[in-house]
Amino acid sequence: MGKTGGFLEYNRQESVYRPADERIKDFKAVEIPFMEDNVHVQLARCLECGTPFCHSYGCPLANVIPELNDLAWQERWAEALTLLLATNPFPEFTGRLCPAICEAACVLAINDDAVTIRQIELAIIEKGFAKGYLQPAPPPERIAKRIAVVGSGPAGLAAADTLNKAGYSVVVYERAAKIGGILRYGIPDFKLEKWVLDRRIQLMEKEGVRFETGVTVGKDISCKYLRSRFDAICLCGGAGEPRDLKVPGRDLAGIHFALDYLASQNRKGTGEPVAVEDNIDAKGKRVVIIGGGDTGADCLGTAIRQGAQSVLQLEILPEPAQVRPATTPWPMWPAIRRDSTSHKEGGVRRWGVSTMKFHGQNGRVTGLNCVEVESRRQSDGRVEFIPRQGTEFEVEVEMVLLALGYVAISWDRIADDLHLERDPPSSRLSERSGPRRAGPQGNVKADENNLTDVPGVFVAGDMRSGPSLVARAIADGISAARGIITG
Ligand SMILES: Cc1cc2nc3c(=O)[nH]c(=O)nc-3n(C[C@H](O)[C@H](O)[C@H](O)COP(=O)(O)OP(=O)(O)OC[C@H]3O[C@@H](n4cnc5c(N)ncnc54)[C@H](O)[C@@H]3O)c2cc1C
């Protein structure tokens, strides 16, 4: 694997980004992919570790990382690509977006810096596109089975791709105007330029997947109709319902959910029409983002690019440790403070702060009343936030963005139409590794083949697991497709 002893010879090269003062002038990708020479050096660092935790423990898709690295090290790029695509249909998404749980589980990371697995994955897929290895490959034969996939985020795309390649006729129904789910409307261009998504969708169309946009299942067409026309349905509707902050003043204008804000910018970015009431812009405003996670960071980078006067990001939890705490030892995903590229571009972060109320003038928000809090874990696992006396403070704002995660699926209509059973709240919180955003509450219940309690109805992605990651959504979409194929 790689060069024997290469890890002793070469250091890990961290990701390279365009300079912050330059990149905030546009929405183009901030990361500069490694040059071929750098990839080669980084490949040399992969050990012959024997038990590759990156593959078996870290990667939700179970990418065979050591073998991939070995093929790429030998410059057998086409073979590396074939092997990568065998487990991950969309490495161009994960290669740009994945937090790389695999790197946290890399054996080299026990006492050295991990191999740059994500960058290598990106190099393999982009070389594949550049060399023309990725050509439309429709299935040689079609079988007489029709599948409806509802939702076109990474889970829906992965389910559709897997089923199509197996010869099924697949129609993907998407309520938005364009395909991609959060990849399209949530994640900003500076993390994923949308041509990357369009390139993949075009390929899938040429391979025979049919996409129907602007169709809300449960409203424009009923689940009953789908069940009568298709052999199986795969629900991939995402996590949906954002968590609200029900404090006094919440109804004031100028307080928005993060995803509405990000969707507005993403629509503008690709020239999609945005209604006046949906056009949310931070230009010249003092912005407060409530929620210290990745979605909040995406809002921060967007607000800076739009020309916000100032941006403050508030998190109710205490500041995480800088180094891996004993509670999350290797190979687990370390519970440490993470600074995204957006945090390097400006704004101020505060931890341990709770918002008590919003105030305003003429119906518009003009400020927040906050207090510092101490968090204490209760015996039942819940965290209680206790205000510190005398730490109350006010912030003046023109815009507030709520980035507090998600509470439940927004599929009541479909779930009710189909009488789908749901998980009890927070039942999927005990993942062995990797970042989780929020406690899911009542996702759609499914067995190990992603089959719900309704025959012929499968579910995948955030709708099944609660808010998670692109790589997990892809893995779950594949799992649902296999459930359909074998069921
Ligand atoms: C702002 C933001 C940034 C993120 N950044 C990252 C990141 O950098 N890396 C990472 O790994 N993960 C990230 N995530 C998480 C990741 O994007 C999600 O876990 C993933 O997109 C879930 O995929 P999905 O296919 O289950 O759902 P989604 O991507 O949410 O797609 C669901 C789709 O279903 C459609 N739909 C819903 N109801 C209907 C209906 N009734 N009829 C038709 N269509 C319907 C929706 O319009 C949507 O297009 C981020 C999430 C957010 C919100």
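Conventions adopted
Residues numbered from 1 in each chain as written. Predicted model: local features only at pLDDT ≥ 70, side-chain atom pairs only at ≥ 80, totals over all residues. Near = placed C-beta within 6 Å. Nonpolar A, V, L, I, M, F, W, Y, C, P; charged D, E, K, R; others polar. Domains from an automatic or database assignment. Pairing = 2+ DSSP bridges. Helix = DSSP H or I, 4+ residues; strand = E, 2+ residues; numbered from the N terminus. Axes fitted to C-alpha atoms, helices over the stretch in contact; angles between N-to-C directions. Contact = placed C-beta atoms within 7 Å. Expected span 1.5 Å × (residues − 1). Buried ≥ 20, exposed ≤ 12 C-beta atoms within 10 Å, placed from the backbone. Parallel < 35°, antiparallel > 145°, perpendicular 65-115°, else oblique. Left-handed = near helix turned anticlockwise from the far one by under 90°. Core = buried A, V, L, I, M, F, W, Y, C linked by C-beta atoms within 7 Å. pLDDT = per-residue confidence, 0-100.

Participant: Quick rundown of the site of the ligand? Include the residues and the values.
Facilitator: Taken together, the neighbourhood of the ligand is formed by 39 residues, with Gly151, Gly153, Gly181, Gly238 and Gly461 sitting nearest. Here the residues of the shell around the ligand sort into 20 nonpolar, 13 polar and six charged. Two domains each put at least three residues into the shell around the ligand: domain 2 (146-241 + 407-486) and domain 3 (244-403).

Participant: Can you explain the sheet that holds strand S8 (residues 255-257)? Please cite residues and give values.
Facilitator: As summarised here, the arrangement of the five strands in space is S8-S16-S9-S10-S11, forming an open sheet in which the pairing is parallel. Single-partner strands in this sheet number two, and they are S8 and strand S11 (348-351). Each strand of the sheet is rotated relative to its neighbour by a mean of 20°, with strand direction disregarded. Here strand S10 (residues 310-315) runs beside S11; their pairing, made up of four bridges, is parallel. Residue pairing in the sheet places Glu315 in a bridge with Trp351 of S11. Along the sheet, helix H14 (residues 258-269) makes contact with S8 and strand S16 (399-402), crossing S8 at roughly 80°. Here helix H15 (residues 294-306) sits on the sheet in contact with strand S9 (286-290), S10 and S16, set at roughly 175° to S10.

Participant: Please give an account of helix H9 (residues 117-130) that cites residues and values.
Facilitator: For H9, with 14 residues, the first-to-last C-alpha span of 20 Å sits near the 20 Å given by 1.5 Å per residue. Along H9, ten of the 14 residues are buried, which leaves the element largely enclosed by surrounding structure. When we look at burial in H9, the residues that qualify are Ile117, Arg118, Gln119, Ile120, Glu121, Leu122, Ala123, Ile124, Ile125 and Gly128. The secondary structure elements touched by the buried residues of H9 are helix H3 (36-43), helix H4 (53-58), helix H5 (65-73), helix H6 (77-87), helix H7 (91-97) and helix H8 (101-104).

Participant: How would you summarise the sheet that holds strand S4 (residues 169-174) if you had to cite specific residues and measurements?
Facilitator: An order of S5-S4-S3-S6-S18 is seen for the five strands of this open sheet, with the pairing classed as parallel. Strands with a single pairing partner mark the edges of an open sheet, and in this sheet they are strand S5 (210-213) and strand S18 (457-459). Averaged over all pairs of adjacent strands, the angle between their axes in this sheet comes to 20°, without regard to strand direction. Alignment of strand S6 (residues 232-235) against S18, held across three bridges, turns out to be parallel. Paired with Ile233 across the strands is Val457, a residue of S18. Across the sheet, helix H10 (residues 154-165) lies against strand S3 (146-150), S4 and S6, angled at about 165° from S4, the strand it touches most.

Participant: Any chance you could break down the packing of H6 against H9 for me, citing the residues and the numbers?
Facilitator: One can describe the packing of H6 onto H9 by two numbers: an axis separation of 9 Å at closest approach and a directional angle of 110°. Here H9 runs roughly perpendicular to H6, going by the angle between their axes. Two packed elements cross with a definite hand, and for H6 against H9 that hand is left-handed. Only Glu121, Ile124, Ile125, Lys127 and Gly128 of H9 make contact with H6, whose side of the interface consists of Trp77, Ala80, Leu81 and Leu84. When its residues are assigned to classes, the contact of H6 with H9 shows six nonpolar, one polar and two charged.

Participant: An account of the domain arrangement of the chain is needed here, citing residue identities and associated values.
Facilitator: Assigned domains of the chain: these are domain 1 (6-130), domain 2 (146-241 + 407-486) and domain 3 (244-403). Between the C-alpha centres of domain 1 and domain 3 the distance comes to 31 Å. Of all the secondary structure elements, the ones that give two or more residues to the side of domain 1 that touches domain 3 are H4 and H8. When residues of the side of domain 1 that touches domain 3 are assigned to their parent elements, the largest contribution, three residues, is made by H4. When its residues are assigned to classes, the side of domain 1 that touches domain 3 shows twelve nonpolar, one polar and no charged.

Participant: Can you tell me about the nonpolar core, naming the residues and giving the values?
Facilitator: Residues Ala159, Cys234, Leu235 and Val400 are the most contacted members of the largest nonpolar core, which totals 126 residues. For this core, the element with the highest residue contribution is helix H18 (residues 470-486), accounting for nine residues.

Participant: Could you give an account of unusual backbone geometry, with specific residues and numbers?
Facilitator: A cis amide bond links Trp330 to the next residue, Pro331, at an omega of 5°. For Asn362, which is not glycine, the phi torsion reads 50° and is therefore positive. Inspection of the secondary structure assignment puts Asn362 in the loop between strand S12 (353-361) and strand S13 (364-377).

Participant: Could you give me a rundown of the confidence of the model for the chain, with the residues and numbers involved?
Facilitator: Per-residue confidence for the chain gives a mean pLDDT of 93, with 95% of residues at or over 70. Within the model, the stretch residues 427-440 combines pLDDT values under 50 with 33 contacts to residues more than four positions away or in other chains.

Participant: I'd love a proper account of the environment of Ala239, names of residues and values included.
Facilitator: Mapped onto the fold, Ala239 is located in the loop between S6 and strand S7 (241-242). The exposure class assigned to Ala239 is buried, which follows from the 28 C-beta atoms found within 10 Å. Ala239 sits 225 residues away from Arg464 along the chain, and the two C-alpha atoms are 8.2 Å apart.

Participant: Outline the packing of H5 against H9, listing residues and values.
Facilitator: Where H5 meets H9, the axes come as close as 11 Å, and the angle between the chain directions of the two elements is 55°. The angle between H5 and H9 falls in the class oblique. Helix-helix and strand crossings are classified by hand; for H5 and H9 the assignment is left-handed. Here Ile65, Leu68, Asn69 and Ala72 of H5 lie close against H9, whose contacting residues are Ile117, Ile120 and Ile124. Here the contact of H5 with H9 is built from residues that sort into six nonpolar, one polar and no charged.

Participant: Before we move on, could you go through H14 and cite the residues and values that matter?
Facilitator: Here H14 contains twelve residues, and its C-alpha end-to-end distance of 17 Å stays within 8% of the 16 Å for a straight helix at 1.5 Å per residue. Buried residues dominate H14, accounting for nine of its twelve residues. Taken residue by residue, H14 has Ala258, Leu259, Tyr261, Leu262, Ala263, Ser264, Gln265, Asn266 and Arg267 as its buried positions. At its buried positions, H14 is contacted by helix H11 (182-185), S7, S8, H15 and S16. After H14 finishes, the residue Gly271 shows a positive phi value of roughly 75°.

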